[in-house]
Amino acid sequence: MTALIALGSRRELFVDHFLIEHLDGAALHLHSPIRREAVYQVSQPWDNACTGCYNLTQDGDRILLYYRGFYPIGADYADGAASQTTNLAVSTDGIHFTQPELGLVEFNGTRKNNVLIQGHESHNFCVFLDANPAADPSQRFKAVGGTGQSNLHGFASPDGLHWTPVKEGPLDVTGAFDSVNVALWDDHIGRYRLFSRYFDTTGARVRAIQSCTSEDFIHWTPPQPHQYADDVPLEHFYTNATTPCPGAEHILLSFPMRFLPERELDIAAMDYPGNGLSDAVFMSSRDGVHWDRPFMEAWVRPGTDQRNWSHRSCTPAPGLVQTADDEWSMYLSENYGWSTNRLRRVVVRPHGFASVRAGYRGGELLTRPLLLEGAALRLNYATSAAGSLRVELQDESGQPLPKYALEEMDPIYGDQLDAPVAWKAGGDLSGLKGRPVRLRVVLQDADLFAVRTLLSGR
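Residues numbered from 1 in each chain as written. Predicted model: local features only at pLDDT ≥ 70, side-chain atom pairs only at ≥ 80, totals over all residues. Heavy atoms only, no water.

Draft legend 1. Spatial organisation of the packing of aromatic side chains. Here the structure, examined in full by the defined rule, presents 23 aromatic pairs. Seen in terms of ring centroids, Trp46 and Phe107 are 6.4 Å apart; in terms of plane orientation they differ by 80 degrees. Their pairing is edge-to-face. Here Trp46 is found in the loop between β5 (34–41) and β6 (52–59), whereas its partner Phe107 is found in the loop between β9 (97–98) and β10 (115–118), with 61 residues between them in sequence. Through a chain of ring-to-ring contacts, the aromatic side chains of Phe255, Phe282, Phe295, Trp299, Trp328 and Phe353 assemble into a single cluster. (Phe/Tyr/Trp six-rings, centres within 6.5 Å; stacked < 30°, edge-to-face > 60°. Helix = DSSP H or I, 4+ residues; strand = E, 2+ residues; numbered from the N terminus.)

Draft legend 2. Broad picture of the nonpolar core. Core analysis: the biggest nonpolar cluster contains 57 residues, and Phe353, Val391 and Leu393 have the highest contact counts within it. Here this core takes 7 residues from strand β35 (residues 438–454), the largest share from any one element. In this structure Val391 touches Leu377, Leu379, Tyr404, Ala405, Leu406, Met409, Val421, Trp423, Arg440 and Val441, once residues within four positions along its chain are discounted. If you look at the next biggest cluster of nonpolar residues, it comprises 16 residues, including Phe128, Val144, Ala156 and Leu171. (Core = buried A, V, L, I, M, F, W, Y, C linked by side-chain atoms within 4.5 Å. Buried < 20%, exposed > 50% of the residue type's maximum accessible area, 1.4 Å probe, protein only. Contact = heavy atoms within 4.5 Å.)

Draft legend 3. Examining the pairing of strand β30 (residues 354–358) more closely. Within β30, 4 of the 5 residues are buried, which leaves the element mostly enclosed by the surrounding structure. Relative to β30, strand β4 (residues 26–30) runs antiparallel, the two being bridged by 5 bridges. The partner of Ala26 across the bridge, within β30, is Ala358. The sheet contact formed by β30 and β35 spans 3 bridges and is antiparallel. Bridging across to β35, Val356 finds its partner in Leu448. (Pairing = 2+ DSSP bridges.)

Draft legend 4. Geometry of the sheet that holds strand β14 (residues 164–165). Read across the sheet, 4 strands follow the order β11-β12-β13-β14 without closing on themselves; strand pairing throughout is antiparallel. Edge strands, defined here as strands with exactly one partner in the open sheet, are β11 (126–129) and β14. Bridge analysis of strand β12 (residues 141–146) against strand β13 (residues 152–157) gives 6 bridges, and the strand direction is antiparallel. Of the residues in β13, the one forming a bridge with Lys142 is Ala156.

Draft legend 5. Focus on the pairing of strand β15 (residues 182–186). Of all 5 residues that make up β15, 5 are buried, and the element is covered over most of its length. Across the two faces of β15 the burial is the same, with Val182, Leu184 and Asp186 and Ala183 and Trp185 all buried. One ladder, built from 5 bridges, connects β15 with strand β16 (residues 191–200); its direction is antiparallel. Looking at β16, one finds that Ala183 is bridged to Leu194. Linking β15 back to β16 in an antiparallel pair, the connection comprises 4 residues, with Gly190 at a positive phi of about 70 degrees.

Draft legend 6. Highlighting the pattern of salt bridges. In this structure the tally under the stated criterion is 25 salt bridges. The residue Arg191 makes a salt bridge to Glu215 at a minimum N-O spacing of 3.0 Å. With Arg191 in strand β16 and Glu215 in the loop between β17 (206–214) and β18 (224–225), this pair connects stretches of sequence that are 24 residues apart. One salt bridge in this structure joins Arg258 and Glu235, with 3.2 Å as the shortest N-O distance. Separated by 23 residues along the polypeptide, Arg258 in strand β22 (residues 257–260) and Glu235 in the loop between β18 and β19 (236–237) bring together distant segments of the chain. Linked through salt bridges whose partners overlap, the residues forming this network are Arg35, Asp305, Glu334, Arg342 and Arg344. (Salt bridge = Lys/Arg side-chain N within 4 Å of Asp/Glu carboxyl O.)

Draft legend 7. Spatial organisation of the side chain of Arg197. Along the polypeptide, Arg197 turns up in strand β16. Given the relative accessible area of 2%, Arg197 is considered buried. A distance of 3.3 Å separates polar atoms of two side chains, one belonging to Arg197 and the other to Ser179. Setting aside chain neighbours within four positions, we find Arg197 in contact with Gly175, Ala176, Asp178, Ser179, Asn181, Arg207, Ala208, Gln210, Phe237 and Tyr238. (Polar contact = N/O pair within 3.5 Å; in protein donor to acceptor, adjacent residues only side chain to side chain.)

What follows is the structure in structure tokens.
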């Protein structure tokens, strides 16, 4: 017997097969982001071609962009160099960023700069705003940074500017911490999570992702390697850029930079040291350990810019910000290792990372049995002008429910982020509370991104 899913009133995204029992003429479809403008270009003496490890945090009307500024190149090249800096840029719209003169750290004889801290921890300093309701206000910003094996440090700040270590020495956690490690508060489990890198040595030595949890941000559980389906090959993941999905925080989204060390694009005009190519992929999880990868293709390709066809470019920055009612912004590191090193904004549809898609010939989705709490069903969907979408409610055995059969609903069409569903007799579902229900969705040239129910019909 198929297990019931207690949908409650939460939003569910079609990024995996969690709700899906059967697809006929339809399939899960990955939606790549749309590239927009470059929002930051290296230019200052405390930046350079290896500026990177960009990450963003939204604090009210401020969007704070943290990044490694100065990185020693040439004979002084070293991940653990004490000369590295963490720098800050600030924006109110996610598009235009300024570099404040902070006066905190002297660099090349001046404090007129945007440098926050200097030291080996700046190699990959990654910040988050602590949403833990029990968090000390003097530590409402937290961060991790460090390099090398088992050398990750924790930091806290009251304002995102002034940082102090949370303990003497590194955190008690093992891993290979030379790339961007992501810490966050997961309200769904009431604990901190840390997503970091390690080397999987079960076969070839592969860069991979692990995670652990903590109640206090200091004492951490032993890291657990990410687990995937048996038919998913292990690929080099250099970073992870993991975030709880806004409005569906029980789903974790991750955007690893995929590294292919054996590949090199043979372009005579390019004189770039080091082998390897990179792009970005997408995956999701509901427990932080088991990860779904129904999409093996790239979420972001290097594109026509030849300077992105080199290692460590196309790296998604941790952080997702809402820049319009119908737009989420994420950010992508480009041209790593070049003087044109920059950060580009990319935009995604809210909750629109993937969908159930059917073409013009049509298709259907049938969900597993659901228990609904809400009194109204709402959909995030898009159709063509000729396309449409209809919904039927069935009992657990697959029989249409009276008043909710397919023929009782006029086709809907358009592009809506959170639209109510109604049949000819109305859209009230309150009489179905506690009763197993399946959703049958018939699509033609349409995408269904997400579904949720409301406790009231409004």
